[in-house]
Structure formats: structure tokens, C-alpha cells
Amino acid sequence: MKSNRKAPATEVSRREFLNIFAAGAAAAVGTVTLAPLGNIARAQDSSALRMAWLTPATFDPRSASGDSEIAVLNAVYDYLIETDAASNLIPRLASAWDVSEDGLVYTLQLRDDAAWHDGSPVTVDDVLWTIQWHRNSESTVASLIASATFEAAGDNQIVISLSESNPDFLYNLTDNKFVILKSGAENVGVEFNGSGPFVLDEVIPGDRALLSANENYWRGMPSVDRLEFIYFDDQQAGIAAVQGGTVDGIMRLDNSSFLGFSGDMNFHTTDIPTSGHHLTRLRSDRAPGSDVRVRKAFKLATDRDAIWERVQLGFGAVGKDSPIGPAFGQYFLADADVPARDPAAAATLLAEAGYPDGLDMILHTPNSGTWPDLAQAMAAQWEEAGIRVEVQLEDENTYWAEAWMEVDLGVTGWGARPIPQLYLDLAYHSEAPWNESHYSNARVDELIETARASLDAETRTAAYKEIQQILLDEGPVVVPYFFAQFMVLASDISGVELHPFSGRTNFNNAMVG
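This one's a predicted model, so the numbers in the text were calculated from it and none came from an experiment.

Topic: the overall build of the protein chain
Across its full length, the protein chain carries 15 helices and 19 strands. In terms of overall dimensions, the protein chain is globule-like: its C-alpha atoms have a radius of gyration of 23 Å, near the 24 Å expected for 513 residues. Projected onto its principal axes, the C-alpha coordinates of the protein chain cover approximately 70 × 55 × 45 Å. Expressed as a percentage of its 513 residues, the buried residues of the protein chain come to 58%. Of the contacts made within the protein chain by residues no fewer than 6 positions apart, 71% connect residues no fewer than 24 positions apart.

Focus on the sheet that holds strand β6 (residues 148–153)
Strand order across the open sheet formed by four strands is β4-β5-β7-β6, with antiparallel pairing between neighbours. Edge positions in the sheet fall to β4 (94–99) and β6, since each has one partner strand and no second. The sheet shows a mean angle of 20° between the axes of neighbouring strands, taken without regard to direction. Sheet topology note: the strand β5 (residues 105–110)/strand β7 (residues 157–162) ladder contains five bridges and is antiparallel. Bridging across to β7, tyrosine 106 finds its partner in isoleucine 160. The strands touched by helix α3 (residues 124–137) are β5, β6 and β7; relative to β6, the strand with the most contacts, the crossing angle is about 160°.

Description of the packing of helix α8 (residues 292–300) against helix α10 (residues 343–352)
For the pair α8 and α10, interaxial distance at closest approach is 8 Å and the crossing angle is 165°. When the axes of α8 and α10 are compared, the pair comes out roughly antiparallel. In this structure, α8 meets α10 at a crossing whose hand is left-handed. Counted together, Arg293, Val294, Lys296, Ala297 and Leu300 of α8 and Pro343, Ala345, Ala346, Leu349, Leu350 and Glu352 of α10 form the full contact between these two elements. The residue inventory of the contact of α8 with α10, partitioned by class, reads eight nonpolar, no polar and three charged.

Here's the deal with the pattern of salt bridges
Evaluated as defined, the whole model comprises 25 salt bridges. Residues aspartate 67 and arginine 252 are paired through a salt bridge, measuring 2.9 Å at the closest nitrogen-oxygen approach. Of this pair, aspartate 67 sits in helix α2 (residues 67–76) while arginine 252 sits in the loop between β11 (249–250) and α7 (255–261); the two residues are 185 residues apart in sequence, bridging distant segments of the chain. Judged by relative accessible area, which is 10%, aspartate 67 ranks as buried. Judged by its relative accessible area of 18%, arginine 252 is buried. Residues aspartate 321 and arginine 304 are paired through a salt bridge, measuring 2.9 Å at the closest nitrogen-oxygen approach. Of this pair, aspartate 321 sits in the loop between β13 (317–318) and α10 while arginine 304 sits in helix α9 (residues 304–312); the two residues are 17 residues apart in sequence, bridging distant segments of the chain. Arginine 304 matches aspartate 321 in its accessibility class, with the two residues each being buried.

What to know about the side chain of aspartate 445
Position of aspartate 445 among the secondary structure elements: in helix α14 (residues 442–453). As a buried residue without a salt bridge, aspartate 445 has its nearest oppositely charged side chain in arginine 452, at a separation of 7.9 Å. Within the structure, aspartate 445 has its side chain in polar contact with the side chain of serine 430 (distance 2.6 Å). Here aspartate 445 is in contact with Tyr428, His429 and Ser430, once residues within four sequence places are set aside.

Considering the pairing of β5
Burial along β5 is one-sided: Tyr106, Leu108 and Leu110 are buried, and none of Val105, Thr107 and Gln109, which face the opposite way, are. Pairing geometry for β4 and β5, over five bridges, is antiparallel. Bridge pairing in β5 places alanine 96 opposite glutamine 109. With antiparallel pairing between neighbouring strands as the criterion, β4 and β5 make up a hairpin whose turn holds five residues, including glycine 103 at a positive phi of roughly 75°.

Criteria and cut-off values
- Residues numbered from 1 in each chain as written.
- Predicted model: local features only at pLDDT ≥ 70, side-chain atom pairs only at ≥ 80, totals over all residues.
- Heavy atoms only, no water.
- Helix = DSSP H or I, 4+ residues; strand = E, 2+ residues; numbered from the N terminus.
- Rg over C-alpha atoms; globule rule 2.2 N^0.38 Å.
- Buried < 20%, exposed > 50% of the residue type's maximum accessible area, 1.4 Å probe, protein only.
- Contact = heavy atoms within 4.5 Å.
- Pairing = 2+ DSSP bridges.
- Axes fitted to C-alpha atoms, helices over the stretch in contact; angles between N-to-C directions.
- Parallel < 35°, antiparallel > 145°, perpendicular 65-115°, else oblique.
- Left-handed = near helix turned anticlockwise from the far one by under 90°.
- Nonpolar A, V, L, I, M, F, W, Y, C, P; charged D, E, K, R; others polar.
- Salt bridge = Lys/Arg side-chain N within 4 Å of Asp/Glu carboxyl O.
- Lys, Arg positive; Asp, Glu negative; His and termini not counted.
- Polar contact = N/O pair within 3.5 Å; in protein donor to acceptor, adjacent residues only side chain to side chain.

Interpretation note: all reported values are geometric properties and have no functional meaning in isolation.
Given below as C-alpha cells:
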């Protein structure tokens, strides 16, 4: 069995880890020698697959969020349950499950053939330790399982008891951060001993991660011997690397670049609709966003259709200022009327709110993909209503790690989730861990709780639709569109099924040549 090279035992703080990646230092994991990306040759055989990603900020599951970070976790570790491209629940470490008639008790059967990369078996104790680890750190995973107790039972089983019914509870176990760790794991995010399909051999901070196939993986040894994630600080550099054959594929790229690959016989292109969306949001707990008239002014100053056409180039779907979009079928408020853009009416609302001369604000946005385009398009539309914004570009992963929850006006990208409840529980309830707008609405809280617990489909649907109407009328977010997920691969690459959240794409069955 191939073994991973462990990092030094010295603990690296999250901030230090960020700084190491940003500087491209080579001391975080083992002793390494940096090689310039230009010297990486295109794979000449079927033994290696090389993918381009943006430079990650952290591999600690508690704080990882970007695709490049989740991609490493997904390759090195296992989830209890995962989802496929159609949001179906797929067994992973949990090979099967049963749910009681009242929806309060879930029994998970763990696999008996899964092993850690150090050769020891994966056990129920590892799962229970991981759960407690998240709870001790009060991570977002802890909030998703707050109503549950977990106990070992029977033959490699876990019994989960809920304090109230939650028909979507199993989806909470698929959260991007909820990889299973070995009991007693130390220096998590710096040292890696997973049970997943690939062993993390080496990380060259700011440059690449080198992984090798796990020969003893319970699903079978991956088709490629080596998986290399090559990191770029700039998305266009990653795109150029694909065009030049330095790497084999990329999953995060802007729409115009994706169109540039379409029709080129040297590449395979894939696009799928998702629930992922981009938004701009105001902090609603302090001025100016605390005044509902200001929030309505931003909405009236925005032409969502025009932004969708300009930024998304016809991919995805137009949004209606909530995280629930067409991908969620019956839950989507399809017949909601979005107010037509009216800059004059927006300016009147600003004056009534005490801003007769308009507003001057900074719009913070990540510096990759289509986010800068979105920010500029928003700024241009808002200016006519007297909303003058300075677009400030932020390093993407640093922004997520340090600033996005604090700024008064910001652009946020929400990756695809399989169910609407996850968005609501993570970002829109008053006590949500990622409530970036600091929004608090007692009726919305009540509806979120109703939708979470109800076993009646009509009740849940009604709750979701009322939430959408409230957010459209007075919420602190403008969601102009839901984006498509893209993938570009060299023509000799096959066996990769794109996941709506690209970092959760599995490479087990990838083939080169």
C-alpha cells in the first residue's frame, strides 16, 4: 500500500497556513523542492491526471469551502453519504440506512471493508470521534447535526436519534466539510490519513498537490495511478495551462472562456444546470442595509435579466433574489413577479431613507471567474439610481477566510446544494452560521423551521414559496442568476462525471488515453 508523506508535527495555524500558501513557501508539508509550472510536461501515458484549480487557503475540513479545498478532501477522505449529479443520495462509508416511520431514528450501516491509508480499519468510533470534533469546534457541520444524537449499535452500526423530524437529515450528512477522520487525528489539515480513493503524498504550497491511487480502496483502485492538482492564483492562467497542454482539465472557468473551448476537437466540454448562484448582499444589521427602503432600492435598481445575459451568456437561469431556483422543481416560486428595473423609484426610496444624494459604498468581490464581471454590471446599473460603488477585488480564498461575513456590501458565490433547506439553514435563519447579511426575520425563521421538520410535502412547499416571496420583497440579497457548472477536459480524458459542486467530482474512474 502506498503511504502518504506526513507533515511535520508542528501545528500550523489557519492564518499561518494561509500566508504559506500565498507566499508559495515549501515548508508546510515535508521537505520539497519547487519546480516552475512551465516545466510540468503533459502526461505521456495513462498513469497521471492533472487538473487545474485555484490556490487553496486551507485543507482543514472545519473551514474549507472553495472547490480546490473540497476537491482534496473528497479525494483523500470519505463521506458517510454523497450525492450524484441529480442530487440522489449515494452510499459511501455508510453502505445502507433505515429510517423509522416517525422520521426520528436513522440507522446507518457502516462498511466493513474500508481502511485508513495507514492500514487500520475504519470503525464506528472514528465516525463518533469526527462528530464530536466538529461539535467541540462549533463548526457549520455541528449546526447541521445539532438536533441529533449519535450512538454505536449492533454490528458496525450507528443509530441517530433526532429531537424533531427532518426528512432531509441524510443530506446534512453529505455536507462538503463532513469527511470522516480517524479517531484521535492531530494536525488536521496539515497531516492526512484518510480512507478515500487517493493518498496525499505531498503538498507544495501555492503550487500543487500530488496524490497517488489507494491500492486498497474499498471501491477498487482508481483507474489512474496519480492525480495532480496544479494550483493557479489566477483563473486565466489555469485556462491557458489547459489550452497549452500543461494540465488535462479545469472545472472553474468563466462563461466566455468555456465557449472558447466548445467546438474545439482537442477538448471535451460539459455543462450542467445547478442550484449554485451568485448574489450581492447588504448587511441588514447596520446602516444603510438595516433600512428596508435601502434594500428595496437595490432591488429596484437591478435588471436581473440583463445581468444574466451579460455575465452568464445564456447559461443557467435568471434568479429571483432567493437561493431557491428552478433546479428545485416544485419548491421554486416560478410565478413570482420580479419588479421591473426603476432607477427613479430606487432613488426616491433612498431619499426617503435619509440618502437624498444617494449612497457611496465599496462592493467587495472575489477576483476570479465571473464575479468581477457581475460586480461591474451591478455597479453600472446601480449608478443611475444614485448608488455609487467602488468595486474592490479580493483574493478569493482569503476573502472567504477573513472578510466575507463582515463587509457591508459584498458579492458571494454559493456552490450547488442538493436541497434548498441547506441554504436556508446555513445562511438565512437568524442563527445560521453563515448568515452573511446578518438577516433576522421572525417569520422567515418560523418558515425555515417548519420546512425543516414537516413530513408533509405541501406544507414544506408552501413554506419554501413564502420564504422566496419575503426575500424578493424585502430581503437583503439580490440573486440575479443561477449558474451552470462547467468542465473542460483534454480529448483523451474520459470517465469523469461532473458534479454540480465541482470540488465533489470523483476521479476514481478517470482514464487518460
